[in-house]
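An overview of the molecular structure
Here is what each chain is made of, one letter per residue.
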Amino acid sequence: MKLYSLTEIQMCNILKRLHFDTEQDNITIFCEETGNKLDEIDVAHGIEFLGKIVSTTVDDFKSLRQIGLATLDVLLENDTPISQHLKKYQIEIKPSTQELFFKRKRLYIPDYGENCKWCAYGDKQCKYSGMQYKNLYCSYLAAISPLATKLYKDRSEIEMFLIAPEEEMLKYSTVKDYPEIFETIENFTEEWFGNRVSIGSEWSKRKQHTYIATVCVKYDNMSYRSDYIDGNDGADASDVLWRYEELCRETYDCIDQVPNCFWDNIWLINICLNLIRSFGEPNKSIYAGIKHDVIVPYDDLKIDLI
């Protein structure tokens, strides 16, 4: 109500229609009851969200206190519990130079669509470089791609839940037992070297606590949000614009003309009213990424032990 300057009467009318009107969607109900236009209210940039991150500690939070929430490349390339744990298995990863070392074997981690600077097979030239779908033919590229995706395509960013029941957060991947990156590395060593190392299970034996860190993140400091559609999403974006064009102040001939606030309002209104419609029990998880250069110190975190 505060965000969109709604009156109590407007909010009551929205609540009634959310309960009784099964013909209309959240966005249509909101705009019809408030008179707001999706392309004229810029509310996103002044708001913050509480994100939640599930993780574990083996050093009684010493590293977290020193460097705060750190991105994956920082954790791998500096003296942290994660990099120290990997060294026990003769594994070292240097995202800045795109290198992976396993038992003194040096391998190249290619960025998305990039040719390897040196060949994992020892060939002088890449035999797959001219192929359109070389990841289907090159076994090394297929094996290393999940790690490369996390480091470069996903920019080593921190992911967080915005809306999710605690049980869903704890069931996500391996995070309540050990960092997800360990499973990615284990899969790679097994697929490429035929040698699966027990990195994750050994960390789990050493872990002192599983915890949920709550962090306040500005809207503009999020790199992405799940279920968010904007002008870069092709046909999906065109469908959204066509569906809600009558709820706009202006008429747009193409997607490029649509202001960002149109997409922001649709996402914000929808997730808020979905929560109200489900009586505060989310029917699906909403998650987001924190931009790589955003610094989150330990003092800005709320830590809850599980």
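Preceding block: the structure.
The structure contained in this document is the topic of the report that follows. (Residues numbered from 1 in each chain as written. Predicted model: local features only at pLDDT ≥ 70, side-chain atom pairs only at ≥ 80, totals over all residues. Heavy atoms only, no water.)

Comments concerning the side chain of Gln 10
Mapped onto the secondary structure, Gln 10 falls in helix α1 (residues 8-20). Using a relative accessible area of 18% as the deciding quantity, one classes Gln 10 as buried. Reaching out from Gln 10, the side chain makes a polar contact with the backbone nitrogen of Thr 7 at a distance of 3.0 Å. Residues in contact with Gln 10, not counting those within four places in the same chain, are Ser 5, Glu 33 and Thr 34. (Helix = DSSP H or I, 4+ residues; strand = E, 2+ residues; numbered from the N terminus. Buried < 20%, exposed > 50% of the residue type's maximum accessible area, 1.4 Å probe, protein only. Polar contact = N/O pair within 3.5 Å; in protein donor to acceptor, adjacent residues only side chain to side chain. Contact = heavy atoms within 4.5 Å.)

Some points on the pairing of strand β2 (residues 91-94)
Residues Ile 91 and Ile 93 line the buried face of β2, whereas the alternating positions Glu 92 and Lys 94 sit on a face that is not buried. Taking the residues between adjacent antiparallel strands as the criterion, β2 and strand β3 (residues 99-102) are bridged by four residues, where Gln 98 takes a positive phi near 60°. (Pairing = 2+ DSSP bridges.)

Thoughts on the packing of α1 against helix α2 (residues 26-34)
The geometry of a pair of packed helices is captured by two quantities: the angle between their axes and the separation between those axes. With their axes 9 Å apart at the nearest point, α1 and α2 run at an angle of 150° to one another. With respect to the hand of their crossing, α1 and α2 are arranged in right-handed fashion. Contacts from Gln 10, Asn 13, Ile 14, Arg 17 and Leu 18 of α1 reach α2 at Asn 26, Ile 29, Phe 30, Glu 32, Glu 33 and Thr 34. Its residues placed into classes, the contact of α1 with α2 shows four nonpolar, four polar and three charged. (Axes fitted to C-alpha atoms, helices over the stretch in contact; angles between N-to-C directions. Left-handed = near helix turned anticlockwise from the far one by under 90°. Nonpolar A, V, L, I, M, F, W, Y, C, P; charged D, E, K, R; others polar.)

Describing the packing of aromatic side chains
Following the criterion strictly, the structure yields 16 aromatic pairs and no others. Between Phe 49 and Tyr 219, the ring centres sit 6.4 Å apart and the planes meet at 40°, which makes this aromatic pair tilted. Of this pair, Phe 49 sits in strand β1 (residues 48-57) while Tyr 219 sits in the loop between β6 (209-218) and β7 (222-225); the two residues are 170 residues apart in sequence, bridging distant segments of the chain. Judged by its relative accessible area of 16%, Phe 49 is buried. For Tyr 219, a relative accessible area of 3% gives the class buried. A ring pair is formed by Phe 188 and Phe 193, whose centres lie 6.0 Å apart and whose planes are at 90°; its orientation type is edge-to-face. Classification of Phe 188 by relative accessible area gives buried; the value is 2%. Of the aromatic side chains, those joined through ring pairs into one cluster are Phe 102, Tyr 121, Tyr 140, Phe 188, Trp 192 and Phe 193. (Phe/Tyr/Trp six-rings, centres within 6.5 Å; stacked < 30°, edge-to-face > 60°.)

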